[in-house]
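Overview (structure and organization)
One-letter residues, chain by chain:
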Amino acid sequence: MKLTLAVKLGPLANQHAALLQIMERFNAACDGIAEVAFREKTANKIRLQRLVYGQIRDRFGLSSQMAIRAISKVCEAYKRDKTIRPRFRPHGAVPYDQRIMSWKAPDRVSLLTLGGREVMPYRFVEYQRARMDRIRGQADLILGRNVFYLYCTVDAPEAPAGKIQDYLGVDLGIVNLATDSDGESFGGEQVEVKRRISSHRRRNLQRKGTKACRRKLRQISGRQRRFQTDTNHCIAKRVVAKAKGSSRGIALEDLLGIRERGTVRGRQRARHANWAFGQLCSFLEYKAQCAGVPVVLVDPGNTSRTCLECGTVDKANRRSQADFRCVSCGFAAPADHDAARVIRARAVVMQPMVSDTATGP
Ligand SMILES: [Zn+2]
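These numbers were taken from a predicted model, which means no experiment stands behind them.

Side note on the overall build of the protein
Per the secondary structure count, the protein includes 8 helices and 14 strands. In the protein, buried positions account for 47% of the 361 residues. Long-range contacts, defined as pairs at least 24 residues apart, comprise 67% of the intrachain contacts of the protein with a sequence gap of at least 6. Of the accessible surface of the protein, which amounts to about 18100 Å², a share of 50% is contributed by carbon and sulfur atoms.

Focus: the sheet that holds strand E9 (residues 178-180)
The 5 strands are arranged E10-E9-E8-E11-E12 in an open sheet whose pairing can be described as mixed. Pairing within the sheet leaves two strands with one partner each, and these edge strands are strand E10 (185-186) and strand E12 (295-298). Looking at chain direction, strand E11 (residues 248-253) and E12 are connected through 4 bridges and run parallel. Of the residues in E12, the one forming a bridge with Leu 252 is Leu 297. Those strands touched by helix H5 (residues 211-245) are strand E8 (166-172), E9, E10 and E11, and its axis lies near 135° from that of E11.

What about the coordination of the zinc ion?
Taken together, Cys 307 (SG), Cys 310 (SG), Cys 326 (SG) and Cys 329 (SG) make up the protein donors of the zinc ion, found 2.2 to 2.3 Å from the metal. For the zinc ion, the 4 donor atoms in the first shell make angles of 108 to 112° at the metal, a pattern classed as tetrahedral. Written as a sequence motif, the donor residues of the zinc ion are C-x2-C-x15-C-x2-C.

Observations concerning the environment of Ile 71
Residue position: Ile 71 is located in helix H3 (residues 64-80). Among the residues examined, Ile 71 registers a relative accessible area of 1% and is labelled buried. Spatially, the C-alpha atoms of Ile 71 and Ile 56 are 9.4 Å apart, while their sequence positions differ by 15 residues.

Observations concerning the packing of helix H2 (residues 45-60) against H3
One can describe the packing of H2 onto H3 by two numbers: an axis separation of 10 Å at closest approach and a directional angle of 135°. Classified by the interaxial angle, the pair formed by H2 and H3 is oblique. Crossing of H2 over H3 shows right-handed handedness. Listed contacts from H3 to Lys 45, Leu 48, Gln 49, Val 52, Tyr 53, Ile 56 and Arg 57 of H2 are Ser 64, Ala 67, Ile 68, Ile 71, Ser 72, Val 74, Cys 75 and Glu 76. Each residue belonging to the contact of H2 with H3 can be placed in one class, and the counts come to 9 nonpolar, 3 polar and 3 charged.

A few points about H2
Residues lying three or four places apart along an α-helix face the same way, a consequence of the helix completing one turn every 3.6 residues. With 16 residues, H2 ought to run about 22 Å at 1.5 Å a step, yet its terminal C-alpha atoms sit only 19 Å apart, falling short of that. Bending of H2 peaks at approximately 50° at the position of Val 52. Leu 48, Val 52, Ile 56 and Phe 60 are the residues of H2 that are buried. Where H2 is buried, its residues meet helix H1 (13-40) and H3.

Describing the pattern of salt bridges
Applying the stated criterion to the full structure yields 11 salt bridges. For Asp 97, the salt bridge is made with Arg 69, and the minimal N-O distance between the two is 3.0 Å. One end of the pair, Asp 97, is in the loop between strand E2 (94-96) and strand E3 (101-104); the other, Arg 69, is in helix H3, with 28 residues separating them in the sequence. On the accessibility criterion, Arg 69 (16% relative accessible area) is buried. The partner of Asp 182 in a salt bridge is Arg 248, with the nearest N and O atoms 2.9 Å apart. A residue pair is termed long-range when its members are at least 10 positions apart, and Asp 182 in the loop between E9 and E10 and Arg 248 in strand E11 qualify at 66 residues. Asp 182 gets classed as partly exposed once you look at its relative accessible area, which sits at 41%. Given a relative accessible area of 13%, Arg 248 falls into the buried group. Salt bridges sharing partners connect three or more residues here, namely Asp 180, Asp 182, Glu 184, Arg 238, Lys 242 and Arg 248.

Let's talk about the packing of aromatic side chains
Enumeration over the complete set of coordinates arrives at 4 aromatic pairs. With a centroid separation of 6.2 Å and an interplanar angle of 80°, the aromatic rings of Phe 38 and Tyr 78 are classed as edge-to-face. Residue Phe 38 is located in helix H1, and its partner Tyr 78 is located in helix H3; the two are separated by 40 residues in the primary sequence. Judged by centre distance (6.5 Å) and plane angle (80°), the ring pair of Tyr 149 and Tyr 151 falls under edge-to-face.

Focus: the pairing of E11
Among the 6 residues of E11, 6 are classified as buried, and the element is accordingly described as predominantly covered. Pairing of E8 with E11 involves 5 bridges; the strand directions are parallel. Paired with Gly 169 across the bridge in E11 is Ala 251.

Quick word on the packing of H1 against H2
Across the interface, H1 lies against H2 with an axial gap of 10 Å and an inter-helix angle of 145°. When the axes of H1 and H2 are compared, the crossing they make is right-handed. Facing Arg 25, Ala 28, Ala 29, Ile 33, Val 36, Ala 37 and Glu 40 of H1, the residues of H2 in contact are Arg 47, Leu 48, Leu 51, Val 52, Ile 56 and Phe 60. For the contact of H1 with H2, the residue count by class is 10 nonpolar, no polar and 3 charged.

Reading guide: rules and limits
- Per chain, residue numbering runs from 1 following the sequence as it is written.
- With pLDDT at 70 or above as the cut-off, local features in this predicted model cover only qualifying residues; side-chain atom pairs require 80 or more to be listed or tallied, and sums for whole chains, interfaces and linings still use all residues.
- To obtain the side-chain values, all non-hydrogen atoms of the structure were included, while hydrogens and water were left out.
- Numbering of helices and strands starts at the N terminus; helices are DSSP runs of H or I of at least 4 residues and strands are runs of E of at least 2.
- Categorising residues by exposure relies on relative accessible area from a 1.4 Å probe, with only protein chains included: less than 20% of the type maximum marks a residue as buried, more than 50% marks it as exposed, and the intermediate range marks it as partly exposed.
- The contact rule is simple, with two residues in contact once any of their heavy atoms fall within 4.5 Å.
- In short, Shrake-Rupley with a 1.4 Å probe defines the accessible areas, and a residue's cover is counted only from the protein chains shown.
- The pairing criterion for strands is at least two bridges between them, as found by DSSP.
- Working convention: axes come from line fits to C-alpha atoms, limited for helices to the stretch in contact. Angles between N-to-C directions cover 0 to 180 degrees.
- A donor here means an N, O or S atom no more than 2.8 Å from the metal, or no more than 3.2 Å when the metal is Na, K or Ca. Since water is not included, a site may seem to lack partners.
- For four-coordinate sites, all angles between 85 and 135 degrees define a tetrahedron; for four- and six-coordinate sites, opposite donors beyond 155 degrees with the remaining angles between 65 and 115 define square planar and octahedral shapes respectively, and all other cases count as irregular.
- The cut-offs work like this: below 35 degrees is roughly parallel, past 145 is roughly antiparallel, 65 to 115 is roughly perpendicular, and the gaps in between are oblique.
- Each crossing gets its handedness from the near helix: less than a right angle anticlockwise from the far helix is left-handed, clockwise is right-handed.
- Here the nonpolar group is Ala, Val, Leu, Ile, Met, Phe, Trp, Tyr, Cys and Pro; Asp, Glu, Lys and Arg are the charged ones; every other residue, Gly included, is treated as polar.
- Expected helix span is given by 1.5 Å per residue-to-residue step, counting one fewer step than there are residues.
- Note that bend, as reported per residue, equals the angle between axes fitted to the 7 residues terminating at that residue and the 7 residues originating from it.
- We count a salt bridge whenever a side-chain nitrogen from Lys or Arg sits within 4 Å of a carboxyl oxygen from Asp or Glu.
- Stacked, tilted and edge-to-face are the three classes assigned to paired rings of Phe, Tyr and Trp, where Trp is represented by its six-membered ring and a pair needs centres within 6.5 Å; plane angles under 30 degrees give stacked, over 60 edge-to-face, the rest tilted.

Given below as structure tokens:
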């Protein structure tokens, strides 16, 4: 089973600037490569490399490995949908592999920047400690609220799945933080209300801009973060307890792109950019693993637009943030409930129920 760890980096001010610079440069390079890929209509890495490699290195000053990573990121994005030219945000994820990143025991990591390698401390929460030695291969450098994280993938031992009868699909949303395939919603509203209040207060304080105001601002943002973390812990705990109590595994969308890497769009992007979603995902995965509840990650494409009753995929199925109504068969349900059921159905298809005597489909 793959788990994602979000490792918080603690760069010095100059290192922070160096990470920001490489991130912006990398994404600018991706954008430049995408232009060529789109013009030449090619998602072939070798061909694209021949076309852009030298030029990308000169123009953006990327190391050879970085240039290769940028080319492959563009290929994966363009492969998905060849009708449009992929766009890359300046602060999109930068993939780091072993050639440009190395873990220095016990709490430092070295990352390649434009000015060479920078060694900086990282922090992780206690439960991650046991897994740090399992980090292999690739990590994504992510910028969230001006803090850098490395999203790492680790292999965790597979939980015994013998008794699983079904999957509990869980849709992560903005209004309801989590909705399951039984139709139960978890949290959200309260968090959203708090967020609105504090963003209103923040605006007022920012307008004043005195030293005391800045201190107050820091307090508010810390308090809100802790509140959200606490909420995420509670939601994860309840979802895992429910799945375990009904002998089900948990099915989630693969929002962090563990199964497939590439760009995320629309609804997915809004969630991807939000650190709270990443946190909720990792809490769910971690708590599920501790409880012996298997987690399946499914393809997140169109989960909110697919009709479970007849299979129609249509943007128009999603009438609003909250309502789903199928344009072809008329099936109607709260949108996140439908999405959670689609997620469950995908998990069932991916992983046929396991029983002791089953020999496969
Ligand atoms: Zn339908």
